[in-house]
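Residue strings, one per chain:
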Amino acid sequence: MRGDMVLAWSPDEEILEQAECGGAVTSLLKFALESKRVDAVLAIKARDGNRYDGVPALIANPEEVINTAGALHCVSPNIARCLKEYLDGAFDVKIAVTCRPCDARAIIELAKRNQIEMENLILVGLNCTGTLHPVTAKQMLREEFGVDPDDVIREDIEDGKLTIGLKDGTEIEKDLAELEEKGYGRRENCRRCEVGIPRMADIACGKWGANGRKATFIEVCSQKGADFIEEAIQVGAINVEHPDSEAVETREAKDREAIDSARKWQEQDFVDLRGMSIEERFTYWTGQFSQCIKCFGCRDACPICYCLDCYLEADRGLVTEGQVPPDITFPIIRIMHVADSCVNCGQCQDACPAEIPLARLVHMLNRELGAVFKYEPGMDVSAPPPLGTVTEEELDMAGVGISLS
Ligand code: SF4
Ligand code: SF4
């Protein structure tokens, strides 16, 4: 059944009522716990009902899974980092993890570095059309939508529109491109993201292709995912039917549209950086990096930064103890360390108090390295990161101007 597609919905009235897209994901997570396939579920829930403050929730009681139902667009918790740092990489516990594409990709990159045990995970991938920074989202809701952010109970991004639902049942829709021209809308990294469907997960769940029905379109992406879905169907944990060709075509068309839009944003975001001469680039980036206050926020937020013994610590001899602002090579060292494996999650840029466009730079470098090495980070756990395996000879042949020595 790997490679199969189903339209799925929950048979549970309470879940149908509370969850989105027919509640299939909530029912699958509940089933994963009830069937003891996993010891826990890791998902996102709103903290104290505040939809601008989502936190990872580790759940062992199937009855509590419903608290994670519903999409939160204004939060982007660092699920991969949470798994690695706080759940010891899932080496001793089986977990079903809900993950957006960048979360799943970061998990895969960490698994390659033996930081996460993939065997113990079921990756329940969630389609993503982008996330909004909670601070700018609230400002946008007040200034552009004219509403109190606390009155919003739902957001949706589809077909170039951002739609919000209010407590009184009102819906307001705005053109996403116009909002983004004004500096609102999705986080910068999300606008550039080409990966809306998390096919690197075990299953990829979303509404593209559901065509207005209260159902979730599920793509089965691995044998583990296939076994999971088949058992869930057999015990009646989800109701399913096969999507018709129109549903599949709609899904593909929406994916293509999202990719086209992401590439336009990449052009726009990278054009200034690429258009500069070497001297202009140097002046621009030294200006940016000279604002660094060496807070280590970017390193600590980056899911790919995994070294226990970090070269950026003063006692490693590369960085001078007590020097603030640090030498401009400080951010450069970190960026070069992750450039081949960056999954464009944007966590580094969100964390930077100096507002240095870190994710923009590292994403651009990653695209350039990816083109040279034919490497897409976080897509395939068996593909090693190129800068970890490349030879001096290969670098010479590629003409990328990097030396290993
Ligand atoms: Fe995410 Fe930044 Fe790390 Fe890339 S470098 S994976 S954007 S935190
Ligand atoms: Fe420097 Fe920004 Fe990184 Fe802090 S988050 S160390 S200020 S680049």
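Here the structure is a predicted model, which is why all the values come from computation and not from measurement.

Peer 1: Help me out: how do you make sense of the packing of aromatic side chains in this one?
Peer 2: Following the criterion strictly, the structure yields four aromatic pairs and no others. Ring geometry for Tyr284 against Trp285: centres 4.8 Å apart, planes inclined by 80°, an arrangement best described as edge-to-face. When the centroid spacing of 5.3 Å and the interplanar angle of 85° are considered together, the rings of Phe296 and Phe330 count as edge-to-face. Of the two residues, Phe296 is situated in the loop between helix H10 (278–289) and helix H11 (297–301) and Phe330 in helix H12 (residues 329–338); the sequence distance between them amounts to 34 residues. Of the two residues examined, Phe296 and Phe330, each falls in the buried class. Through a chain of ring-to-ring contacts, three or more aromatic side chains come together here, namely Tyr284, Trp285 and Phe289. Above the plane of the ring of Phe145 lies Lys174, whose end atom (NZ or CZ) is 5.8 Å from the centre.

Peer 1: I tried to follow the environment of Ala40 on my own but got confused; where do I start?
Peer 2: Position of Ala40 relative to the elements: it lies in strand S2 (residues 40–47). Separated by 17 residues in the primary sequence, Ala40 and Ala57 have C-alpha atoms spaced 9.8 Å apart. With sequence-adjacent residues up to four places away left out, Ala40 is seen in contact with Leu33, Leu58, Ile59, Lys94, Ile95 and Ala96.

Peer 1: Would you take a moment to explain the domain arrangement of the chain for this structure?
Peer 2: By convention, interface size is frequently given as the accessible area that disappears when the constituent parts associate. By the assigned domains, the chain splits into domain 1 (5–131 + 186–257) and domain 2 (276–396). Computed from C-alpha coordinates alone, the two centres of domain 1 and domain 2 are separated by 29 Å. Of the residues lining the interface, 25 residues belong to domain 1; the matching set on domain 2 comes to 29 residues. In this assembly, domain 1 and domain 2 are joined by three salt bridges. Between Arg105 and Glu376 there is a salt bridge, with the nearest N and O atoms lying 3.7 Å from each other. In terms of residue count, the dominant contributor to the side of domain 1 that touches domain 2 is helix H4 (residues 101–112) (eight residues).

Reading the values: the criteria
- Residues numbered from 1 in each chain as written.
- Chains lettered and ligands numbered in written order.
- Predicted model: local features only at pLDDT ≥ 70, side-chain atom pairs only at ≥ 80, totals over all residues.
- Heavy atoms only, no water.
- Phe/Tyr/Trp six-rings, centres within 6.5 Å; stacked < 30°, edge-to-face > 60°.
- Helix = DSSP H or I, 4+ residues; strand = E, 2+ residues; numbered from the N terminus.
- Buried < 20%, exposed > 50% of the residue type's maximum accessible area, 1.4 Å probe, protein only.
- Lys NZ or Arg CZ within 6 Å of the ring centre and 35° of its normal.
- Contact = heavy atoms within 4.5 Å.
- Domains from an automatic or database assignment.
- Salt bridge = Lys/Arg side-chain N within 4 Å of Asp/Glu carboxyl O.

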